[in-house]
Amino acid sequence: MPYPSSMVEPMRKELTRLGVDELTTPDEVDAAFDAAQEGSLLLVINSVCGCAAGSARPAVARALKAEPTPDRAVTVFAGQDLEATDHVRETYLPGIPPSSPFMALFREGQPVYVVERKHIEGREAISIAEDLVGAFEAYCTDEALPSDAPNRPDLGPSPNTDGPSSTFQSIR
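Residues numbered from 1 in each chain as written. Predicted model: local features only at pLDDT ≥ 70, side-chain atom pairs only at ≥ 80, totals over all residues. Heavy atoms only, no water.

### Quick notes on the pairing of strand S2 (residues 40–46)
Argument step 1. A large share of S2 lies buried, amounting to 7 of its 7 residues.
Argument step 2. Alternating residues of S2 divide into Ser40, Leu42, Val44 and Asn46 and Leu41, Leu43 and Ile45, and every residue in both groups is buried.
Argument step 3. Alignment of S2 against strand S4 (residues 102–107), held across 6 bridges, turns out to be antiparallel. Among the inter-strand pairings, Leu43 is bridged to a residue of S4, identified as Ala104.
Argument step 4. Pairing between S2 and strand S3 (residues 72–77): 6 bridges, direction parallel. If you follow Leu43 over to S3, its bridge partner there is Val74.
Argument step 5. Where the polypeptide runs from S2 across helix H3 (residues 50–63) and back to S3, its parallel neighbour, the crossover connection is right-handed. (Buried < 20%, exposed > 50% of the residue type's maximum accessible area, 1.4 Å probe, protein only. Helix = DSSP H or I, 4+ residues; strand = E, 2+ residues; numbered from the N terminus. Pairing = 2+ DSSP bridges. Right-handed = clockwise from strand over helix to strand, strands pointing away.)

### Thoughts on the sheet that holds S4
Argument step 1. Read from one edge of the open sheet, 5 strands run S1-S3-S2-S4-S5, paired in mixed fashion. At either margin of the open sheet sits one strand with a lone partner, and together these are strand S1 (21–22) and strand S5 (110–115).
Argument step 2. Helix H5 (residues 125–139) rests against S2, S4 and S5 of the sheet, and its axis sits at about 10 degrees to S4. (Contact = heavy atoms within 4.5 Å. Axes fitted to C-alpha atoms, helices over the stretch in contact; angles between N-to-C directions.)

### Details of the packing of helix H2 (residues 26–35) against helix H4 (residues 82–92)
Argument step 1. Across the interface, H2 lies against H4 with an axial gap of 8 Å and an inter-helix angle of 40 degrees. By the angle class used here, H2 and H4 are oblique. In the crossing of H2 with H4, the sense of the turn from one axis to the other is right-handed. Of H4, the residues touching H2 (which contributes Pro26, Val29, Asp30 and Phe33) are Glu83, Ala84, His87, Val88 and Tyr92.
Argument step 2. The residue makeup of the contact of H2 with H4, split by class, is 6 nonpolar, 1 polar and 2 charged. (Parallel < 35°, antiparallel > 145°, perpendicular 65-115°, else oblique. Left-handed = near helix turned anticlockwise from the far one by under 90°. Nonpolar A, V, L, I, M, F, W, Y, C, P; charged D, E, K, R; others polar.)

### Here's the deal with the confidence of the model for the protein chain
For residues with low pLDDT, the predicted coordinates do not support detailed interpretation.
Argument step 1. The pLDDT averaged across the protein chain works out to 87; a share of 89% of its residues lies at or above 70.
Argument step 2. Ranking the elements of the protein chain by mean pLDDT puts helix H1 (residues 5–16) last, at 85, and H2 first, at 98.
Argument step 3. The model gives residues 163–172 a pLDDT under 50, and that stretch makes 35 contacts with residues more than four places away or in other chains. (pLDDT = per-residue confidence, 0-100.)

### Focus: the side chain of Arg107
Argument step 1. Locating Arg107 in the fold gives a position in strand S4.
Argument step 2. Polar side-chain contacts of Arg107 include one of 3.3 Å to the backbone oxygen of Glu143. (Polar contact = N/O pair within 3.5 Å; in protein donor to acceptor, adjacent residues only side chain to side chain.)

### Considerations on the nonpolar core
Argument step 1. Core analysis: the largest hydrophobic core is formed by 29 residues, its most contacted members being Leu42, Met103, Leu105, Tyr113, Leu132 and Tyr139.
Argument step 2. For this core, the secondary-structure elements that each account for two or more residues are S2, H3, S4, S5 and H5.
Argument step 3. With residues near it in sequence (within four places) discarded, Leu42 still touches Val60, Leu64, Pro70, Arg72, Ala73, Val74, Met103, Ala104, Leu105 and Phe136.
Argument step 4. Judged by nonpolar contacts, the second largest core, of 20 residues, contains Ala32, Ala84, Ile96 and Phe102. (Core = buried A, V, L, I, M, F, W, Y, C linked by side-chain atoms within 4.5 Å.)

Here it is, written out as structure tokens:
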């Protein structure tokens, strides 16, 4: 059962006021990804989780003020846009365990950089934003990819590994 709309509306607006497009149906998800086969797309899976989403949304806001930025930014809301969220996970993020909040940067329709919940929890928005900006600098240009382009935040030698680990590997 989805969260009540009145509960999530302020959290939705944190992203939509930045120009992040909301996707609420599987058809909207497919249309956004079809349009992003060339260029870059930032996907944000929004969430009510206070311990992580409270840093994730401000991090996205800060990162989108930098240059370069993705050609388009979109969001689905876990816990509310149930079908759209399931569809984006199953179709465009295979092999990556579901988590929310979550961010993925796509280049030419392929995921190249992911920020899972474990990369968000316990971190300040400014640090998460710096990670995103680094990914934008590597992937959101027409230049060739640098050989050291990141594919996820570097949390040092002992990141939180509770739960399933991701099988994501960048296409670089």
